[in-house]
Amino acid sequence: MAYDHKGLTKDIIKTDIMLASQPVGSLPPTSDQSLQQICFYTSIELDSARATIAATPSRPDAQILDLRVLTIRGEFQAAKKILQKSKQINDKATRAEFLLAQAMVVGHEGQWADVVSVCEMGLRLEPVLITRLSLLQCRAMALFEMGHYDSALKDCEAILSQEMIYPSGVPVRYAKVLKVRVLLGLNRVQDAEVAMNERWLQLESEAFLNLDELLTLLRLEIDFHRSKGLPIRDLALSCIQVCDDLGDPLYRALAEVDLYATFQRPPQWLTDSLKNSRERFVKVEGFLKEYQRGEASTSSSRQVLKTVKESDDFPERTRRPQFIFKASRGVVFNLPNRTTHYLPKTTDWERFSELVKGKTLTKEDFFSEFWDQKYFYQKHDGVIRAFLFRLKKKTGIKAESHRGHISFPHVAFS
């Protein structure tokens, strides 16, 4: 079968534009059968169906599509083999797409100066706008990791200036995330919090919980907590659970790095798990080496070194959260059902969260500390039962109650 780079690239770019132009959260139907498979591959980045794509064969005549699949899977060594052939491609549009893929692969290896160089080569080819935005997004990430925050912010703003044209564009979505991290790097915490709040409001307003967006926001919350010297363990555990639901081994491993950094003496099961991950992912290996040496060459590595140490008293295999309880926002995210629940404003949920977080309390301690009253079994046991029943009915959260003790082992309080 002949391999028509130019025709294929035109179809891919056409599909990118079609998808990126849609309102946020929607994907268009297409009657053009030649675009349907390309639409599937491209939409993977938008709806995060990463587990599905792992079982889907790529088109044998489409190296660009192969690159997209491999980079999404995290199979960067296989992507490298394809990229070696890209030097023979003369078509400017196709060459720009290959340079974009090369930037992603080089970035995974932490060669950020090379990422900037590759992106600038692609930008000089004057690609179509959607490809240009993707190259700017990769360059912004590299500049951020190198500590060039002002330049990274300039690239983010350039991408976001096109949001009206491409509201669902992948580079627009990632530029919003990166902008928050850049603002934190510039110590513009208040601006970062405003941008972060906009993202949470968008997620909370969606009828169906977007796990990919939730993961993104949880990872940003980890950055916020580190900048304020706050613990991150529950957030890291939440990330691990969301990654398992998404089928994302790379970001699961990165969440385990975050979890690892909370210990003075990490548990053996976590060390064993990361041993496998560091053999598979160069990025994980780099993070762990720098963390263990106490050195940092990138902005992300510096964040890991800021992690607050927490208790080493940790279950051998802790039950991972099924619910994420954000008291400050008055919402609960139900991971199994992929739903968002709003908590009644009549209760001090932040106080509740601090009281029960990671603890097993007697009913007496729970009642007296939460309601500021002396506990009498005959009078107040029913009050506790009614409260827990309403919480379960509203959010799905079921407290564990055994021999007069209450705990919430399946809930991450953040």
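Residues numbered from 1 in each chain as written. Predicted model: local features only at pLDDT ≥ 70, side-chain atom pairs only at ≥ 80, totals over all residues. Heavy atoms only, no water.

Bringing helix α15 (residues 268-280) into the picture now. Over its 13 residues, α15 runs 19 Å from end to end, which matches the ideal 18 Å to within 8%, given 1.5 Å per residue. Restricting attention to buried positions, one finds in α15 the residues Trp269, Leu270, Leu274 and Ser277. Each buried residue of α15 lies within a common arc of 125° when the element is viewed along its axis, so the set occupies one face. Turned more than 90 degrees from where α15 packs its buried face, Gln268, Lys275, Asn276 and Glu279 sit exposed. (Helix = DSSP H or I, 4+ residues; strand = E, 2+ residues; numbered from the N terminus. Expected span 1.5 Å × (residues − 1). Buried < 20%, exposed > 50% of the residue type's maximum accessible area, 1.4 Å probe, protein only. Arc of directions from axis to C-beta.)

The subject of this paragraph is the pairing of strand β1 (residues 323-326). Of the two faces of β1, the one lined by Phe323 and Phe325 and the one lined by Ile324 and Lys326 are each fully buried. Relative to strand β2 (residues 331-334), β1 runs antiparallel, the two being bridged by four bridges. Directly across from isoleucine 324, in β2, lies its bridge partner phenylalanine 333. When β1 meets strand β7 (residues 411-413), the two strands line up parallel, connected through three bridges. Bridge assignment links phenylalanine 323 to a residue of β7, and that residue is valine 411. (Pairing = 2+ DSSP bridges.)

By size, the foremost hydrophobic cluster in this structure holds 80 residues, and its most contacted members are Leu214, Val242, Leu259, Val284 and Phe333. In terms of residue count, the dominant contributor to this core is helix α8 (residues 129-145) (nine residues). Residue contacts for phenylalanine 333: discarding those within four places in its chain leaves Trp200, Leu203, Glu204, Leu209, Leu214, Gln322, Phe323, Ile324, Lys326, Thr339 and Thr340. Ala327, Leu343, Trp349 and Ile406 belong to the second-largest nonpolar core, a separate cluster that totals 24 residues. (Core = buried A, V, L, I, M, F, W, Y, C linked by side-chain atoms within 4.5 Å. Contact = heavy atoms within 4.5 Å.)

The next thing to look at is the packing of aromatic side chains. Considering all chains together, one arrives at 22 aromatic pairs under this definition. Seen from their ring centres, phenylalanine 366 and phenylalanine 387 are 6.2 Å apart, and the 45° between their planes marks the pair as tilted. Here phenylalanine 366 is found in helix α19 (residues 363-371), whereas its partner phenylalanine 387 is found in helix α20 (residues 377-395), with 21 residues between them in sequence. Given the relative accessible area of 0%, phenylalanine 366 is considered buried. (Phe/Tyr/Trp six-rings, centres within 6.5 Å; stacked < 30°, edge-to-face > 60°.)

We now examine the confidence of the model for the protein chain. The predicted model of the protein chain has a mean per-residue pLDDT of 82, with 81% of residues at 70 or higher. The low-confidence segment residues 1-8 (pLDDT under 50) makes 15 contacts with residues lying over four places distant or belonging to another chain. The low-confidence segment residues 25-61 (pLDDT under 50) makes 75 contacts with residues lying over four places distant or belonging to another chain. (pLDDT = per-residue confidence, 0-100.)

This brings us to unusual backbone geometry. Generally, phi is negative for residues other than glycine and the peptide bonds are trans, each holding for most cases. Within the chain, glutamate 126 stands out as a residue other than glycine whose phi angle is a positive 55°. Classification of glutamate 126 as exposed rests on a relative accessible area of 66%. Located in the positive-phi region is aspartate 372, a residue other than glycine, with phi close to 55°. With respect to the helices, strands and loops of the structure, aspartate 372 is situated in the loop between α19 and α20.

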